[in-house]
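Residue-level structural notes
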Amino acid sequence: MEKIRYERPVIFKMNTGLMNKFGTKTNNEPVTHIESVPVKSMLSQYGSPMFVISEKQIRRNYQNAIRIFKTRYPKVQFAWSYKTNYMNAVCRIFHQEGSWAEVVSGFEYEKALYNNVPGNKIIFNGPDKSDEDLIKAAQNNSLIHIDHYDELYSLIRLCEEHKLKPRVAIRVNMDTGIYPKWDRFGFNFENGQAWNALTRIINSENLQLVGIHCHIGTFMLSPNAYAVAARNLSELAWSVKERFGIMVQYIDLGGGFPSTNTLKGAYLPGTDTVPSIDQFADAITDVILTYGFTQDELPMLILETGRALIDDAGYLLGTVLATKRLSDGRRATIMDFGLNSLFTSLWYDHKISPAQKNTNQTEDMVMFGPLCMNIDVVRESINMPMLQKGDQVVVHKVGAYNMTQWMQFITMRPNIVLIDNDNNTHIIRKAENLEYIQALEEIPIHLK
Ligand SMILES: *Cc1c(COP(=O)(O)O)cnc(C)c1O
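Residues numbered from 1 in each chain as written. Predicted model: local features only at pLDDT ≥ 70, side-chain atom pairs only at ≥ 80, totals over all residues. Heavy atoms only, no water.

Brief notes about the packing of aromatic side chains
Our working rule: In this analysis, rings of Phe, Tyr and Trp, with Trp reduced to its six-membered ring, are considered paired at centre separations within 6.5 Å, and the interplanar angle assigns stacked below 30 degrees, edge-to-face beyond 60, and tilted for intermediate values. To qualify as a helix, a DSSP run of H or I must reach at least 4 residues; to qualify as a strand, a run of E must reach at least 2; elements of each kind are numbered from the N terminus. Burial status follows relative accessibility: with a 1.4 Å probe on protein chains alone, a residue under 20% of its type maximum counts as buried, one over 50% as exposed, and anything between as partly exposed.
Enumeration according to the criterion identifies 20 aromatic pairs in this entry. Both rings, one in Tyr109 and one in Phe124, keep their centres 5.3 Å apart while their planes meet at 25 degrees; by these two values the pair is stacked. Taken together, the residues span a long stretch of sequence, with Tyr109 in helix α4 (residues 106–114) and Phe124 in strand β8 (residues 122–124) at a distance of 15 residues. In this structure Tyr109 comes out as buried when scored by relative accessible area, which is 2%. The class of Phe124 is buried, set by a relative accessible area of 1%. Aromatic pair Tyr149 and Tyr153: ring centres 6.0 Å apart, planes at 20 degrees, arrangement stacked.

Printed below as a string of structure tokens:
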């Protein structure tokens, strides 16, 4: 009898009972505590609005994700994507857990050094690296991920001028079946550009080729796209080995795993539809493990996962400024936070919970921010209890990109508070004040 082929069991989360003939159940349970700290007492201590970050949740997310990869693949390294949230306290939590730093500008590179990341554990991505940035990164033995030919030529020239031998990788873009294609970063796989760049690096005297990188998109919902990316990068690594006898040390699949937020216009909530990290890990590691590399040759697998590790560790707390009826009769609720602090409300229908017990009566309402600008809408339509002036709310899953893309427009940016592992609270970025905002302004003499 033929032996039955072993297949690794896969566990999927199933949700049942959420939908009924009236649509999805609305969950308006008040959220009165975050990690057992009372929401109302934080608001009275730190002011409204304010961001809250849970250190415990960051560590849980990191440890869960790294375990998922390490149980599938022998050599795994995470690098924290600075632009996703570069509050120093947040970065240091990731570094304590073992994360390297992934940066995309000279400013972020400086931040990583300030956070005591050794130079050889900083990955430098992005299309904007000045000559000074490149020299510094090379001198610190950082991993320079080359984005385009102009950067490659600059680096070759700088190596000669300054006697440098940097460790480099190239960034590769490709068709992963997701459209529109992300082809503006790096060298293209299909048209041979990536291979051409790799040969130039190998033939250059001073550059050490150590890795191959891609970052195929963000909030990617297709594990298969990562399988395609892993196959293409493996193919490049394999060709480099066959043709030049050099085995690259790592393959870097970038970031882009989704958080469980709900994208605007999605029919079902993100918690039900977003693939789990296990599914992405399976897709990636299955391809590399079966590609044909010997155990010794297997490249290290680097991931630069950002939003999936931090989004659900962040909350925005805010207060109702006023309610009103619009000309068409719709209820409108005006909050003390808007697009300025919640940039991701452009993409997500954030879950928003009342912070106190309200009436059981609910109504569909539009939720506006405080800005004098028509696009300042937090939620176009949300079913909530009849909130009144002074009521408070908790916005969920705001840890990624809001604290870096926020705008200082009309209002000043609020406090960010970290709840540590023992449930103590710490300000990790102070609310801005007029003095801070005006510190860099100059008034010409004739206007004084
Ligand atoms: C933004 C970025 C990341 C992180 O992306 P997420 O979607 O937040 O996971 C990783 N690598 C690079 C190169 C990036 O630009």
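Describing the domain arrangement of the protein
Stated formally: Those domain boundaries reflect an automatic or database domain assignment. Residue contacts are counted whenever heavy atoms from the two residues lie within 4.5 Å of one another. Here the quantity called buried area is the total loss of accessible area, with a 1.4 Å probe, experienced by two parts when brought into contact, counted for both.
Taken domain by domain, the protein holds domain 1 (28–51 + 313–432) and domain 2 (86–305). Put simply, the middle of domain 1 and the middle of domain 2, counted by C-alpha atoms, are 35 Å apart. Every contact between the two is made by 16 residues of domain 1 and, on the other side, 14 residues of domain 2. Of the roughly 1,200 Å² buried between domain 1 and domain 2, counting both surfaces, carbon and sulfur atoms make up 57%.

Overview of the site of the ligand
Put simply, the test is: Near, as used in this document, describes a residue that has one of its heavy atoms within 4 Å of the molecule or strand being considered. In the analysis that follows, any N or O atom pair within 3.5 Å is treated as a polar contact, provided that within protein one partner can donate a hydrogen and the other can accept it, and provided that, for residues neighboring in sequence, both atoms belong to side chains. Accessibility throughout is a Shrake-Rupley quantity obtained with a 1.4 Å probe, and a residue counts as covered only by protein chains that appear here. As a working rule, the residues Ala, Val, Leu, Ile, Met, Phe, Trp, Tyr, Cys and Pro are called nonpolar, Asp, Glu, Lys and Arg charged, and the rest polar, with Gly in that last group.
For the ligand, the set of nearby residues contains 15 residues, the closest of which are Lys83, Thr218, Gly256, Glu304 and Tyr401. Interatomic distance of 2.7 Å between a backbone N/O atom of Gly256 and an oxygen atom of the ligand. Its free accessible area being 390 Å², the ligand has 96% of it covered by the protein chains. For the shell around the ligand, the residue count by class is one nonpolar, nine polar and five charged.

Some thoughts on helix α7 (residues 193–203)
Turning to α7, its buried residues number three or more, namely Ala194, Ala197, Leu198, Thr199, Ile201 and Ile202. Those residues of α7 that are buried are in contact with β9 (143–146), α6 (149–162), β10 (167–173), β11 (187–188), β12 (208–213) and α8 (223–244).

A closer look at the pattern of salt bridges
Formally: Any carboxyl oxygen of Asp or Glu that lies within 4 Å of a side-chain nitrogen of Lys or Arg is treated as forming a salt bridge with it.
A complete count under the given rule lists 17 salt bridges for this structure. We note a salt bridge from Glu110 to Lys136, for which the minimum N-O separation is 2.2 Å. Of the two residues, Glu110 is situated in helix α4 and Lys136 in helix α5 (residues 131–139); the sequence distance between them amounts to 26 residues. Glu110 gets classed as partly exposed once you look at its relative accessible area, which sits at 36%.

A short note on unusual backbone geometry
The general pattern is negative phi for most residues beyond glycine and trans for most peptide bonds. In this structure, Pro49 follows Ser48 across a cis peptide bond, with omega equal to -5 degrees. Cis geometry is found at the peptide bond from Tyr179 to Pro180, where omega equals -5 degrees. Mapped onto the elements, Pro180 comes out in the loop between β10 and β11. In this structure, Tyr401 takes a positive phi of about 70 degrees despite not being glycine. Residue placement: Tyr401 occurs in the loop between β20 (392–396) and α12 (402–405). Note on Tyr401: relative accessible area 12%, which makes it buried. One non-glycine residue, Asn423, lies in positive phi territory at about 65 degrees.

A short note on helix α10 (residues 277–289)
To keep it simple, the criterion reads: Take the number of residues in a helix, subtract one, and multiply by 1.5 Å to get its expected span.
End to end, α10 covers 18 Å across 13 residues, agreeing with the expected 18 Å (1.5 Å per residue, within 8%). Taken residue by residue, α10 has Ile277, Phe280, Ala281, Asp282, Ala283, Ile284, Thr285, Val287 and Ile288 as its buried positions. Lining the buried residues of α10 we find α2 (55–70), α8 and β14 (300–303).

Considerations on the packing of α6 against α7
Heads up, the condition is: Under this scheme, a helix contributes an axis fitted over its contacting stretch, all axes are lines through C-alpha atoms, and angles between N-to-C directions fall in the 0 to 180 degree range. Oblique is the label for any angle not covered by the other classes, which are roughly parallel (under 35 degrees), roughly antiparallel (over 145) and roughly perpendicular (65 to 115).
The geometry of α6 relative to α7 is characterised by a closest axis approach of 12 Å and an angle of 0 degrees between their N-to-C directions. By the criterion of interaxial angle, the relationship of α6 to α7 is roughly parallel. Facing α6, whose interface residues are Tyr149, Leu152 and Tyr153, α7 presents Gln193, Asn196, Ala197, Arg200 and Ile201. Looking at the contact of α6 with α7 residue by residue, the class counts come to five nonpolar, two polar and one charged.

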